[in-house]
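# Inside the fold
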Amino acid sequence: MDREFYVSVELYVSAKAAAALRKPPNKRSGDKRDAVRAASGGSDAPPKRVKEKASWLGLARNSTNSGQWRPARCKLVEEEEGCLLNIYVDDTILYRSIYMYLLNHTDIRVVHRSLFERRNCLAVFSVAGQMRGAAPTSEPLYIQFEDEETAHTWLALLRSYAMPEVYGRWLSPEDGGLYRMWRQVDLSCLQGRNLGVPRPLLADDAANGGPGGLGGGSSGGPSGDGDGRGSESSEAVDMDVYCEVFFNGTLCGRTTVKKGIGSPDWYERFLLPDLPPFENLEIVIWREKRLSRPVTVGSVNIVLVNFRRGEPVEGWYPVVNGGPTSSTQAGEMRLKVRVDEEIILPYAAYSKMLKTLHSRNHLDWMRDLESRMKTKNVNQNIMAVAIAKSALLDDIIEQADREVDGTLTSHNTLFRGNTVFTKTVELYMSWYGMPFLEASIGASIRRLCSEKVAIEVDPVRIGKTGRAVEKNVELLVVWCQEFWDRIYDARRLCPPEMRRLFEHTRRLVESQYRNKDDQSRELPWQSVSAFCFLRFIVPAILHPHLFGLLPGLPDISVQRSLTLIAKVIQSLANLNPSVQKEDYMRGVKEFLTNSLQAMIDYIIVVSTPEPTNKGPQTPLSSDKHERLRIMNALRQRGATAPVLHREAIPLLPHLLDIPRHLAVITSVVVRYSRTQNSQPPKDALSGPSVTDDRHFAEFSARCLEVEEQALFRVSKLAAKPRRQHSEPVINVPIRATPASPALASPSSPWRLPLRERKISSSRGNTNGNGNGAEVSSPAKRIRRKGSRPSTAPSSPERSEEGGRGRKSMGSGPNPASPRSPRTAHPPLPSLSPQTPTTADASFEGRSRTRRPVATANPHPRSTSTDSPLARKTVPPLLSPTMDPSLDGSDDAGKRRRNIFRAILTRR
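Residues numbered from 1 in each chain as written. Predicted model: local features only at pLDDT ≥ 70, side-chain atom pairs only at ≥ 80, totals over all residues. Heavy atoms only, no water.

### Re the overall build of the protein
Heads up, the rule is: Labels follow the DSSP assignment, with helices taken as runs of H or I lasting at least four residues and strands as runs of E lasting at least two, numbered in each case from the N terminus. The cut-offs for exposure are 20% and 50% of the maximum accessible area for each residue type, with area from a 1.4 Å probe on protein chains only; residues under the lower value are buried, those over the upper are exposed, and the others partly exposed. Contact definition: two residues touch when any of their heavy atoms are within 4.5 Å. All accessibility values rest on the Shrake-Rupley procedure with a 1.4 Å probe; residue burial counts only the protein chains present in the view.
Scanning the protein for helices and strands turns up 22 helices and 21 strands. Classification of the 907 residues of the protein by burial places 55% in the buried group. Within the protein, contacts between residues separated by at least 24 positions form 77% of all contacts whose residues are at least 6 apart in sequence. Counting only carbon and sulfur atoms, one obtains 52% of the accessible surface of the protein, whose full area is about 39900 Å².

This is the structure:
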């Protein structure tokens, strides 16, 4: 029986698509009166206007012709032959129909908020043959949902019909494949300097891939100022600048506009998960001019194919102005880039590791891993595993019992230290409490920033005394009152997960410190405010951009206003109105005294769970009923799907992918373990306890077992590249190794003019470190324990001379410099989306560009690996007769070597 699902959304309609929707129907060819009248210049003929060609690329800032958001309705129809997503505008106009079963999981992605300054947006990427509609364009489909829960539900639903990136389906039919892939880029735009100041691109910069090489400043170190080469030129240019972030040519996000003399500070983060195969990352810097279009200052190009995996790389990257032959640098950008690419095995492969992980309190594992490996990115993955097991709250409560020991020594410092427990509670509140935080202070912060309210009460800073200071204090009290009113009104929106934690904390402190002294009387309330305010609400007031409440850093004067408001709110949370000792601060003292009882009431409400039996249940709303239908459909589809396909569908309501989280944990632990094996052991007295050593050793052994299994699965795919006779044959020729050296890597495509830019598919040296080292034989590589492939087999071998000693001028800090300690031999190139092999119907990764791109595969189907809809004919554009560089010979030995050469090591 066919299924149908509906949801009301906001749809982004570009100027180009809107023009196509307004286009009138074609007139009859016999009626030429209008054409003759227009040609003769009749009075009724409209005047000719020169109009620039509309482009949907114009998601430009301050652009009135870039597009608009319109109400729309999505209808997902499940049919026998597949699934169709129909989008209607104005209730009757069919805007677009998309064949969801022809898409990949990576074609359905969450949109970064900075792109439209809207939350809960999804992007659906499709090309010709995968969709049809009134607007003949392949631009992405951007839709915004009413709330986060609906957005998550529909993301899981749409991906359940799309194809995950699975490899080796015919070799492991019981699991639906051998493994799947997951990729993510974490980019932070930190600072710029000397932007708009042209100077020659120095030879050492070009050779090292950027000033200072790997992650370094201008001359030696990520945080150093270098030798000041940027100050050699004339004074910096006074201008307003912002950045746009492109992944594989697709616009993914943009920074805020910063005003400054060539040295803006952004500190804005762009987390881009669930990405297709890597090509390049480009940061384009724009100069904004009043009453005119923005102009480009330059761009930073970073190739991602050979970029170091799993570790952040921070440094100053050259901003290059011009094309590939340009030698002009227009400043530098300080960026922090982390690239993750993980092999994900079936859930059963992690069973022993998961058993060991669940054998202890998960917070103990966080403490051990963080103290040993000095990394924080693993904590959220452990939290996700604990949440899936419904054990996180119990683990936090158990850890709270250890913290509260009842001694007088912990009276004044209770929950004030920076321990694993308190840091985990911060993550816990961020996981569950972001809507609550938005309701509490979001609107007030944005209004204060939009009005650019500057408050200063320090006579030394303001340079005045008397009445001028008192006016500022009065203004401070007004804004503190507005913040507090909104915080108090949102108290009942506190999520139940946080309420249960606060309740246990309050009751635990009450039982431990009961009747000890007068100072302990307020300690239970202060223990709750130590989390709710000191570690959640007040930090969000101080740094709203880190909590998603603002798109970027506020102005300096506004930051000072927020700091003063945060201090007053924290004093109120501490139930201490006497902290303001200055006489001119008496207005603040009065506010604190009058609000004390309301603060106590607030703490009691947020630390008291709502009763479970609220009386008769009200009928479900239509939206909630639709979400329940979708979740039921997902369970039914998962019951019949192959293992890897079922596990690739994120779990609601938090979009958890447990095998992926376990894969990330494995990667971090194995990298650390191999690093320690190559270093002399530390003094036993300075290390953790013997018990912790035993637990960590066991956990490391489980992770190494998973690593070996991943290596075995990729080697198995490489050893048996051909499909069985019972499987569909994908006859795609292999590119032969060219006689001439390959293009240099890690060079990224240079930025071309707006409507001419294309994405290059060139790849460089196969070893990934730029030294042209010979790759070991397949047999040696399989036996070697220091390596783990991080992607599937890819294109045939490249010329070993092509990348020897070559660097890119515009690729920033050299990602192929000192290798990750986890890498035992030179890495090899990752999956090339333009060169699929007979070993695997590889994930071809169509370029989702916002500029015209020549597509090499017009076939309208999912390009995921081992798709059951595999084609049996050779695409015309990939035929050997169309390109003399293609070799269709069936040389099994060479093909086997090429496949082994394409197995990447885990960095």
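Moving on from the model shown.
### Comments concerning the pattern of salt bridges
Proximity of charged atoms lets side chains of opposite charge pair with each other. Going by this rule: By salt bridge we mean one thing: a side-chain nitrogen of Lys or Arg within 4 Å of a carboxyl oxygen of Asp or Glu.
Here the structure, examined in full by the defined rule, presents 41 salt bridges. Of the charged contacts in the structure, one is a salt bridge between Glu-438 and Arg-119, with a shortest N-O distance of 3.6 Å. Remark: Arg-119 occurs in the loop between strand 5 (108-110) and strand 6 (121-124) and Glu-438 occurs in helix 10 (residues 434-450); sequence separation between them is 319 residues. Arg-254 is paired through a salt bridge with Glu-244; the nearest N and O atoms lie 3.1 Å apart. Of this pair, Arg-254 sits in strand 13 (residues 250-254) while Glu-244 sits in strand 12 (residues 239-247), and the two are 10 residues apart along the sequence. Through salt bridges that share partners, Arg-360, Asp-364, Arg-367, Asp-368, Glu-398 and Arg-402 make up one connected network.

### Quick word on helix 14 (residues 523-542)
Let me state the cut-off plainly: Here a helix's expected span is defined as the number of its residues, less one, multiplied by 1.5 Å.
Over its 20 residues, helix 14 runs only 25 Å from end to end, short of the ideal 28 Å by more than 12%, given 1.5 Å per residue. In terms of burial, helix 14 is largely enclosed, as 17 of its 20 residues are buried.

### Notes on the pairing of strand 16 (residues 280-288)
The test is simple: By this definition, two strands are paired if DSSP reports at least two bridges between them.
Counted residue by residue, strand 16 has 8 buried out of 9 residues, so it is predominantly covered. Where strand 12 and strand 16 come together, 8 bridges link them in antiparallel fashion. Each bridged residue has a counterpart across the sheet, and for Cys-243 the counterpart in strand 16 is Ile-285. Once strand 16 ends, the chain turns through 6 residues before running back antiparallel as strand 17 (residues 295-303), passing Leu-291 with a positive phi of about 60°.

### Focus on the nonpolar core
Quick reminder of the rule: The set of buried Ala, Val, Leu, Ile, Met, Phe, Trp, Tyr and Cys residues whose side-chain atoms join them within 4.5 Å is what this entry labels a nonpolar core.
Counting 114 residues, the largest nonpolar core has Ile-441, Leu-476, Phe-502, Phe-533, Ile-537 and Tyr-602 as the members making the most contacts within it. Per element, the largest residue contribution to this core is 11 residues, and it comes from helix 14. Excluding anything up to four places from it in sequence, Ile-441 contacts Phe-483, Ile-487, Ile-537, Ala-540, Ile-541 and Leu-549. Of all hydrophobic cores here, the second largest spans 38 residues; its members include Val-7, Val-13, Cys-83 and Leu-158.

### Considering the sheet that holds strand 3 (residues 82-89)
Applied cut-off: Interaxial angles span 0 to 180 degrees and are taken between N-to-C directions of axes, which are lines fitted to C-alpha atoms, for helices over the stretch in contact.
Judged by pairing direction, the sheet is antiparallel, and its 8 strands sit side by side in the order 5-6-8-1-2-3-4-7 without closing on themselves. Edge positions in the sheet fall to strand 5 and strand 7 (131-133), since each has one partner strand and no second. Going from strand to strand, the sheet's axes swing by 30° on average, the running direction of each strand aside. Judged from the 4 bridges that link them, strand 6 and strand 8 (residues 141-144) form a sheet pairing that is antiparallel.

### Digging into unusual backbone geometry
Here the residue pair Leu-652 and Pro-653 is connected by a cis peptide bond, since its omega of 5° sits within 30 degrees of zero. Checked against the element boundaries, Pro-653 lands in the loop between helix 18 (643-647) and helix 19 (658-677). Within the chain, Ser-390 stands out as a residue other than glycine whose phi angle is a positive 60°. Note that Ser-390 resides in the loop between helix 7 (377-388) and helix 8 (392-403). Ser-390 sits in the exposed class, given a relative accessible area of 60%.

### Observations concerning the side chain of Glu-332
To keep things clear, this is the line we draw: The term polar contact refers here to a pair of N or O atoms within 3.5 Å; inside protein, the definition further demands a hydrogen-donor-capable atom paired with an acceptor-capable atom, and it admits residues adjacent in sequence only when both atoms are side-chain atoms.
In this fold, Glu-332 is placed in strand 19 (residues 328-344). At 2.5 Å, the side chain of Glu-332 forms a polar contact with the side chain of Arg-193.

### Some details on the packing of aromatic side chains
Centre-to-centre distance and the angle between the planes together describe a pair of aromatic rings. Rules: Centre distance within 6.5 Å is the pairing criterion for rings of Phe, Tyr and Trp, where only the six-membered ring of Trp is used; planes under 30 degrees apart are then read as stacked, over 60 as edge-to-face, and the remainder as tilted. Two thresholds decide whether a charge sits over a ring: the Lys NZ or Arg CZ must be within 6 Å of the ring centre and within 35 degrees of the ring normal.
Tallied over the full model, the rule gives 16 aromatic pairs. Plain terms: the ring middles of Tyr-12 and Tyr-142 are 6.2 Å apart, the flat faces sit at 80° to each other, and that makes the pair edge-to-face. Here Tyr-12, found in strand 1 (residues 3-14), pairs with Tyr-142, found in strand 8; they are 130 residues apart in sequence, far enough to count as distant. Accessibility expressed as a relative area gives 2% for Tyr-142, which makes it buried. One aromatic cluster in this structure is built from Tyr-12, Trp-69, Phe-116 and Tyr-142. The residue whose ring lies beneath Arg-193 is Trp-316, and the NZ or CZ to ring-centre distance is 3.9 Å.

### So, the packing of helix 9 (residues 420-432) against helix 13 (residues 496-512)
Cut-off, in case you're wondering: The scheme is simple: roughly parallel for angles under 35 degrees, roughly antiparallel for over 145, roughly perpendicular for 65 to 115, oblique for anything else. For this scheme, ten residues count as nonpolar: Ala, Val, Leu, Ile, Met, Phe, Trp, Tyr, Cys and Pro. Four count as charged, namely Asp, Glu, Lys and Arg, and the remainder, Gly too, count as polar.
Where helix 9 contacts helix 13, the axes come no closer than 9 Å and their chain directions differ by 150°. When the axes of helix 9 and helix 13 are compared, the pair comes out roughly antiparallel. Across from Val-425, Tyr-428, Met-429 and Tyr-432 in helix 9, the residues of helix 13 making contact are Glu-497, Met-498, Leu-501 and Phe-502. Per-class residue counts for the contact of helix 9 with helix 13 are 7 nonpolar, no polar and 1 charged.

### As for the environment of Glu-403
As for its placement among the helices and strands, Glu-403 is situated in helix 8. Classification of Glu-403 by relative accessible area gives partly exposed; the value is 25%. Taking the C-alpha atoms as reference, Glu-403 lies 9.7 Å from Thr-419; in sequence the two are 16 residues apart.

### Topic: the pairing of strand 13
Summarising burial for strand 13: 5 of the 5 residues are buried, a large majority. Linking strand 12 to strand 13, which pair antiparallel, is a turn of 2 residues; within it Asn-248 sits at a positive phi near 50°.

### Quick word on helix 9
The terminal C-alpha atoms of helix 9, which comprises 13 residues, lie 18 Å apart, in line with the 18 Å expected from a rise of 1.5 Å per residue. Where helix 9 is buried, its residues touch helix 6 (362-373), helix 7, helix 8, helix 10, helix 13 and helix 14.

### Some details on the environment of Leu-275
Mapped onto the elements of the fold, Leu-275 is located in the loop between strand 15 (265-273) and strand 16. Its relative accessible area of 2% is what places Leu-275 among the buried residues. Note: C-alpha distance between Leu-275 and Ile-108 (167 residues apart in sequence) is 9.5 Å. Beyond its immediate sequence surroundings of up to four residues, Leu-275 is in contact with Thr-106, Arg-109, Arg-183, Gln-184, Val-185 and Phe-247.

### Side note on the side chain of Asn-301
Positionally, Asn-301 belongs in strand 17. Here the side chain of Asn-301 touches Ser-299 through a polar contact of 3.4 Å, side chain to side chain.

### Quick look at the confidence of the model for the protein
Rule in force here: Known as pLDDT, the predictor's confidence for each residue is given on a scale from 0 to 100.
For the protein, the average pLDDT comes to 73, and 64% of its residues sit at 70 or higher. Scored below 50 in pLDDT, residues 206-234 shows 77 contacts in the model against residues more than four places distant or in partner chains. Predicted confidence is poor over residues 680-688, with pLDDT under 50, and the contacts of this stretch with residues over four places away or in other chains come to 2 contacts.

### So, the environment of Gln-68
For Gln-68, the location among the structural elements is in strand 2 (residues 67-79). Considered as a pair, Gln-68 and Ala-18 are 50 residues apart in the sequence and their alpha carbons are 8.7 Å apart. Every residue in contact with Gln-68, bar those within four places of it in the chain, is listed here: Leu-11, Tyr-12 and Val-13.

### Brief notes about the packing of helix 6 against helix 9
Axis separation between helix 6 and helix 9 bottoms out at 10 Å; the angle between their running directions is 110°. Here helix 6 lies roughly perpendicular to helix 9, going by the angle between them. Within the contact between the two elements, helix 6 uses Leu-363, Met-366, Arg-367 and Glu-370 and helix 9 uses Val-420, Phe-421, Lys-423 and Thr-424.

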